2 protein chains.
Amino acid sequence: MSTPNQVSNQVPDALPGQLPVVGFVGLGAMGMGMALSLLQAGYSVQGYDINDAARARFAQAGGQAVDTLPAVARGAEIVVLMVLNAEQIDQILFGDDKMAGMVGALAPASLVIVSSTVKPTYVETLAARLAAHQIDLLDAPVSGGTSGANDGTLSIMVAGAPASIQRADPLLQAMGKNIYIMGERPGMGSTMKMVNQVLAGVQIAAAAEALALGARAGLDPNRVYEVICNSAGASWMFENRVPHILADDYRPHSAVEIWLKDLGLVVDTGKELHLPTPLAAAAQQLFIMAAAAGHTRLDDAAVIKVYEQLAGFRVLDSVAAPESD
Amino acid sequence: MSTPNQVSNQVPDALPGQLPVVGFVGLGAMGMGMALSLLQAGYSVQGYDINDAARARFAQAGGQAVDTLPAVARGAEIVVLMVLNAEQIDQILFGDDKMAGMVGALAPASLVIVSSTVKPTYVETLAARLAAHQIDLLDAPVSGGTSGANDGTLSIMVAGAPASIQRADPLLQAMGKNIYIMGERPGMGSTMKMVNQVLAGVQIAAAAEALALGARAGLDPNRVYEVICNSAGASWMFENRVPHILADDYRPHSAVEIWLKDLGLVVDTGKELHLPTPLAAAAQQLFIMAAAAGHTRLDDAAVIKVYEQLAGFRVLDSVAAPESD
């Protein structure tokens, strides 16, 4: 069981009973909730986001908003990254503009928790790159949406050295409810997240396809929702996303563009492993169609607009009139 | 509100408190359970199946096994059809060999309950064809598998004239738990079933794809099952079918061949409605691949063998060794 190299740790040890300073990068829909959960658990959190308004909201909520990435790292023993993708992570850690290159500001034996959804092979390589700087990495993508982030009830799929997992555990417990240890090799957590995304992405698109077919054939979509939630066709995503369609409310909880990325990771990884993913690829195409139609920033349930737009109808037109007697 | 033509009903009215005689065609995995549920509810059931052994089992369970289709109809006020497909229904009702042509043996004002999964347009046309013989049709496909059939806890998706629904209601209550009235137009029940099958079929195939990807990338499939059942990727089908894969047990609950048919109905109906169903079509291809590999009669979870066979590995090879300490 490996332990972080404490000898060269330049971060002063936390006093007994005192929680370590935490850096947090990415105060978006998910990251804000997670950072606030850490605040509520008593951590001092140095938060950064490229967006000024997000930083201001974080400061207002009691966080310590900082203006540069090195300032995130300063004095922080643990840094959580909750940004969009691998390109952003690379820029944050290794970028060479004056804002970036956080690796240079992180003390040896720091721990970087990567909670973004990225390719398993990227995380594995990143762990080796950080190890060259004596920085540990914990692979810790999350599931549970903005409500899970806000409530501190995320599922977190964790992989890394046992000592890193132990070190991160109080933070993971503050942000999540179900902490799943997937293995010691960074990338195993991201693999688990990717498996979840195959199902979640396909099932959002399938919910749209089934609802569109039913409405096109004359069924009341409200009735379809009720029946499916009690039938063998039920899924977590059907139950969660179809109400957005029925309410004609596409304000983004999770946006269409997320699936362009996440299903892309699935298809790429399948390609690398020589493991075909025809359903994930078909679902990815549906989200690309939604993007083509201009719905990138809408809630992912807007994939139903692909069917509606192509077939020239609206699912909600099939809602039955209320019975008069 | 239409009522069945009682004037020309040549079936003697059941005495007060006496249940009508019921005919039942199709004593397969689903039909046997449904027919036995009717028996248990006190109906006298005249059951037929092309398979001698099925008829013998039905007789042993207390049913009245009959040898010909006209014998199913004789004296029966209501007939339930639970056969494979539309071709069989057509042969049973209108066929001209000496066994078939049940329409000639059915009394006017009889009610035929069609519980097979068939195309909505077929049911709608069939209702008109039977109406020409003064026979009523109730569109009543079911969901819930053999366990639901055996326990009398099926979901039944019903469409037809209110009087027919009322007439069939005690039988439906005996066979099912959730009785969903979808509308007055025959075909609406079958449309609802088809919508369920889009989701169910896609989700079985997606369960296989996700599990195969996870195992190929080194995750323990038992662990994947546990995590997904508590995550946003969860579906009824994932929870129900993956245990068959984990147990390496492909004895058919619902066979691969069912999905060749049911997803075929979906794709055909979509084609007729000009409503694209790319996910259902992709899932259909996966079941066709499973059939190509010789797995037609295996449990539908055997669709995972498509991934295993192509990629030359076994999902169960990724099961982690039990921890030694």
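Residues numbered from 1 in each chain as written. Chains lettered and ligands numbered in written order. Predicted model: local features only at pLDDT ≥ 70, side-chain atom pairs only at ≥ 80, totals over all residues. Heavy atoms only, no water.

Our next topic: the overall build of chain A. Scanning chain A from terminus to terminus reveals 14 helices and 9 strands. Relative to its length of 325 residues, chain A is compact, with a C-alpha radius of gyration of 22 Å against a globular reference of 20 Å. Dimensions along the principal axes, computed over C-alpha positions, put chain A at roughly 75 × 45 × 35 Å. Across the 325 residues of chain A, 59% fall into the buried class. A fraction of 66% describes how many contacts in chain A between residues 6 or more apart in sequence connect residues 24 or more apart. Looking at chain A, you have 19 positive and 31 negative side-chain charges, and the mean spots of the two groups are 3 Å apart. (Helix = DSSP H or I, 4+ residues; strand = E, 2+ residues; numbered from the N terminus. Rg over C-alpha atoms; globule rule 2.2 N^0.38 Å. Buried < 20%, exposed > 50% of the residue type's maximum accessible area, 1.4 Å probe, protein only. Contact = heavy atoms within 4.5 Å. Lys, Arg positive; Asp, Glu negative; His and termini not counted. Charge placed at Lys NZ, Arg CZ, Asp CG, Glu CD.)

Let's shift gears to unusual backbone geometry. For A:A109, which is not glycine, the phi torsion reads 70° and is therefore positive. Among the residues examined, A:A109 registers a relative accessible area of 2% and is labelled buried.

Turning our attention to helix α9 (residues 188-216) of chain A. Residue and element names in this part refer to chain A. Across its 29 residues, α9 extends 42 Å between first and last C-alpha, which sits within 8% of the 42 Å expected from 1.5 Å per residue. The buried count for α9 comes to 28 of 29 residues, which makes it a mostly enclosed element. Just past α9, the residue G218 takes up positive phi, approximately 105°. (Expected span 1.5 Å × (residues − 1).)

In this section: the side chain of B:S231. By the secondary structure assignment, B:S231 is in the loop between α10 (221-229) and α11 (236-246). Those residues in contact with B:S231, other than ones at most four positions away along the chain, are A:S143, A:S155, A:M157, A:N196 and A:W236.

This part covers the pattern of salt bridges. Residue and element names in this part refer to chain A. Enumeration according to the criterion identifies 27 salt bridges over all chains in this entry. Ionic pairing is found between E272 and K119, a salt bridge with its closest N-O pair at 2.5 Å. Taken together, the residues E272 in helix α12 (residues 256-273) and K119 in the loop between β5 (111-114) and α6 (120-131) connect sequence positions 153 residues apart. Relative accessible area serves as the criterion here: at 42%, E272 is assigned to the partly exposed category. What makes K119 buried here is its relative accessible area of 18%. (Salt bridge = Lys/Arg side-chain N within 4 Å of Asp/Glu carboxyl O.)

For the rest of this paragraph, the subject is the relation of the copies chain B and chain A. The transform that puts chain B on chain A rotates by 180° and translates by 0.0 Å along the axis, for an RMSD of 0.1 Å. Taken together, the turn and the small shift mark the pair as related by a two-fold rotation axis. Taking C-alpha positions as the reference, the residue of chain B nearest the rotation axis is B:S235, at 1.9 Å. (Least-squares fit on C-alpha atoms with pLDDT ≥ 70 in both.)

Another point: the packing of aromatic side chains. Each aromatic ring pair is characterised by the separation of its centres together with the angle its planes make. Under the defined criterion, the tally for this structure stands at 4 aromatic pairs over all chains. Where B:Y225 meets B:F238, the ring centres are 5.9 Å apart and the plane angle is 15°; that geometry is what we call stacked. Taken together, the residues B:Y225 in helix α10 and B:F238 in helix α11 connect sequence positions 13 residues apart. Across the ring face of A:F313, the terminal group of A:R216 is positioned such that the distance to the ring centre comes to 4.7 Å. (Phe/Tyr/Trp six-rings, centres within 6.5 Å; stacked < 30°, edge-to-face > 60°. Lys NZ or Arg CZ within 6 Å of the ring centre and 35° of its normal.)

Quick look at the packing of helix α9 (residues 188-216) of chain B against α11(B) now. Residues and elements named next belong to chain B. Their axes nearest at 9 Å, the elements α9 and α11 cross at an angle of 50°. Relative to α11, the element α9 is oriented oblique. For the pair α9 and α11, the crossing hand works out as right-handed. Together, A200, Q203, I204, A207 and L211 of α9 and M237, F238, R241, V242 and I245 of α11 make up the contact between the two elements. A class-by-class count of the residues in the contact of α9 with α11 yields 8 nonpolar, 1 polar and 1 charged. (Axes fitted to C-alpha atoms, helices over the stretch in contact; angles between N-to-C directions. Parallel < 35°, antiparallel > 145°, perpendicular 65-115°, else oblique. Left-handed = near helix turned anticlockwise from the far one by under 90°. Nonpolar A, V, L, I, M, F, W, Y, C, P; charged D, E, K, R; others polar.)

All right, on to the confidence of the model for chain A then. Residue and element names in this part refer to chain A. For chain A, mean pLDDT is 93; residues scoring 70 or higher make up 93% of the total. Here residues 1-12 is a poorly scored stretch, pLDDT under 50, and it has 23 contacts once near neighbours within four places are set aside; other chains count. Interface confidence for the predicted complex, given as ipTM, is 0.91, next to a pTM of 0.91. (pLDDT = per-residue confidence, 0-100.)

Let us now look at the side chain of A:Q46. Residues and elements named next belong to chain A. Positionally, Q46 belongs in strand β2 (residues 45-48). Of the residues examined, Q46 reaches a relative accessible area of 10% and is grouped as buried. One polar contact links the side chain of Q46 to the main-chain carbonyl oxygen of V72, over a distance of 2.8 Å. From its side chain, Q46 meets the backbone oxygen of R74 in a polar contact 3.1 Å long. (Polar contact = N/O pair within 3.5 Å; in protein donor to acceptor, adjacent residues only side chain to side chain.)

Our next topic: the pairing of strand β4 (residues 78-81) of chain B. Residues and elements named next belong to chain B. Burial of the side chains of β4 extends over both faces: I78 and V80 are buried on one face and V79 and L81 on the other. Note that strand β1 (residues 22-25) and β4 share 4 bridges and pair parallel. Directly across from G23, in β4, lies its bridge partner V79. Examined bridge by bridge, β4 and strand β5 (residues 111-114) share 4 bridges and lie parallel to one another. By the bridge assignment for β5, V80 is matched with I113. (Pairing = 2+ DSSP bridges.)

Turning next to the pairing of strand β6 (residues 136-139) of chain B. Residues and elements named next belong to chain B. For β5 and β6, the ladder comprises 4 bridges, and the chain directions are parallel. Residue I113 lies in a different strand from β6, and its bridge partner there is L138. Handedness of the β5-helix α6 (residues 120-131)-β6 crossover: right-handed. (Right-handed = clockwise from strand over helix to strand, strands pointing away.)

With that out of the way, let us pick up the interface of chain B and chain A. Between chain B and chain A, the residue contacts involve 62 residues of the former and 62 residues of the latter. Taken over both partners, the interface formed by chain B and chain A buries close to 5100 Å², and the fraction arising from carbon and sulfur atoms is 74%. For the pair chain B and chain A, the number of links is 0 salt bridges. The tally of links between chain B and chain A comes to 12 residue pairs in polar contact (both at pLDDT 80 or more). Secondary-structure elements contributing two or more residues to the side of chain B that touches chain A are β8 (154-159), β9 (176-183), α9, α10, α11, α12 (256-273), α13 (278-292) and α14 (304-311) of chain B. With 20 residues, the single largest contributor to the side of chain B that touches chain A is α9(B). For the side of chain B that touches chain A, the residue count by class is 42 nonpolar, 15 polar and 5 charged. (Buried area = accessible area lost by both parts, 1.4 Å probe.)

Residue and element names in this part refer to chain A. Where α9 meets helix α13 (residues 278-292), the closest approach of the two axes is 9 Å, and the angle between their N-to-C directions is 60°. Put simply, α9 runs oblique to α13. The hand of the α9/α13 crossing is left-handed. Between α9, through V198, G201, V202, I204, A205 and E209, and α13, the contact on the second element is made entirely by L279, A280, A283, L286 and F287.

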